Amino acid sequence: MSLLAFAFAAALLAITPGPGMAYVVARTVAGGRAEGLASCFGTGLGGMLHVLAAALGLSLLVAQSAFAFSVVKYVGAAYLIYLGLRMLRGKEQALRANPVASQGPRRAFREGIAVEFLNVKTALFFLAFLPQFVSSAQPLAAQLALLGTICVALNTLADVVAVFAADRLLRSSAVRAGRARLMTRVSGMTMLGLGVYLALAKRQA
């Protein structure tokens, strides 16, 4: 059940318009498909660095104190609820591709790594999201790495699709805004419900 909830939430979050998707679309507009795809793979690699850091850090934490790891899971569930509420109460935002200068695929790849790796919100999200779906009966680091890799793969796939569809998305701002509003609301409800479900499930255990 937890794996199904993880897969659903991760897929939904991957297709929700956000800063990362806007970034790769902007790269596509500036330098074409090659530059857009390079930035996708760059942000994907940057995301994997966060996954590895979370897997190693949380594994060390649980090795020191199982109680501390339980606290992390509760705090993580609360953070997911907070994200859901913020999505629902925040201002509606479309997928805005802010103008950028063309830099070539190689530089776009390197910049994509830096942009994602230096994103503190990404680190916080992985630390809150991944521990909710692990089992104490299995090796922790391997589970975190696997779940994190799935998240990054889905995000990268969604970004690649956005790159190929960039021209069409940018033609109609009204359609783009409507889709962004819908996905933001659905994602907010999902995050809120997931956080509440996980918190209550732990209390009953």
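Since the model is a prediction, treat every value here as computed from it, not as a measurement. (Residues numbered from 1 in each chain as written. Predicted model: local features only at pLDDT ≥ 70, side-chain atom pairs only at ≥ 80, totals over all residues. Heavy atoms only, no water.)

Visitor: Looking at this structure, I do not really get the pattern of salt bridges. What am I missing?
Guide: Note on pairing: side chains with opposite charge can pair once their charged atoms come close. Considering all chains together, one arrives at 2 salt bridges under this definition. The salt bridge involving E35 is made with R27; its shortest N-O contact spans 3.0 Å. By relative accessible area, R27 is classed as buried at 2%. Between R27 and E111 there is a salt bridge, with its nearest N and O atoms 2.8 Å apart. Of this pair, R27 sits in helix 2 (residues 19–64) while E111 sits in helix 4 (residues 105–117), placing them 84 residues apart in sequence. (Salt bridge = Lys/Arg side-chain N within 4 Å of Asp/Glu carboxyl O. Buried < 20%, exposed > 50% of the residue type's maximum accessible area, 1.4 Å probe, protein only. Helix = DSSP H or I, 4+ residues; strand = E, 2+ residues; numbered from the N terminus.)

Visitor: Help me out: how do you make sense of the packing of helix 2 against helix 5 (residues 120–129) in this one?
Guide: To describe two helices that pack against each other, one gives the angle between their axes and the distance between the axes. Closest axis-to-axis distance for the helix 2/helix 5 pair is 9 Å, and the angle between their directions is 45 degrees. It follows from the interaxial angle that helix 2 and helix 5 lie oblique. Where helix 2 crosses over helix 5, the two elements pack in a sense that is right-handed. Across from G47, H50, V51, A54 and L58 in helix 2, the residues of helix 5 making contact are T122, A123, F126 and L127. Here the contact of helix 2 with helix 5 is composed, by residue class, of 6 nonpolar, 3 polar and no charged. (Axes fitted to C-alpha atoms, helices over the stretch in contact; angles between N-to-C directions. Parallel < 35°, antiparallel > 145°, perpendicular 65-115°, else oblique. Left-handed = near helix turned anticlockwise from the far one by under 90°. Contact = heavy atoms within 4.5 Å. Nonpolar A, V, L, I, M, F, W, Y, C, P; charged D, E, K, R; others polar.)

Visitor: When you look at the nonpolar core in this model, what are you seeing that I'm missing?
Guide: Most often, soluble globular proteins have nonpolar side chains that are buried together. Judged by nonpolar contacts, the single largest core of 21 residues is most densely connected at F6, F126, F129, L130, L144 and C151. Broken down by element, this core gets its largest block of residues, 5 residues, from helix 6 (residues 140–164). In this structure, A14, Y23, V25 and A166 belong to the second largest nonpolar core, which totals 12 residues. (Core = buried A, V, L, I, M, F, W, Y, C linked by side-chain atoms within 4.5 Å.)

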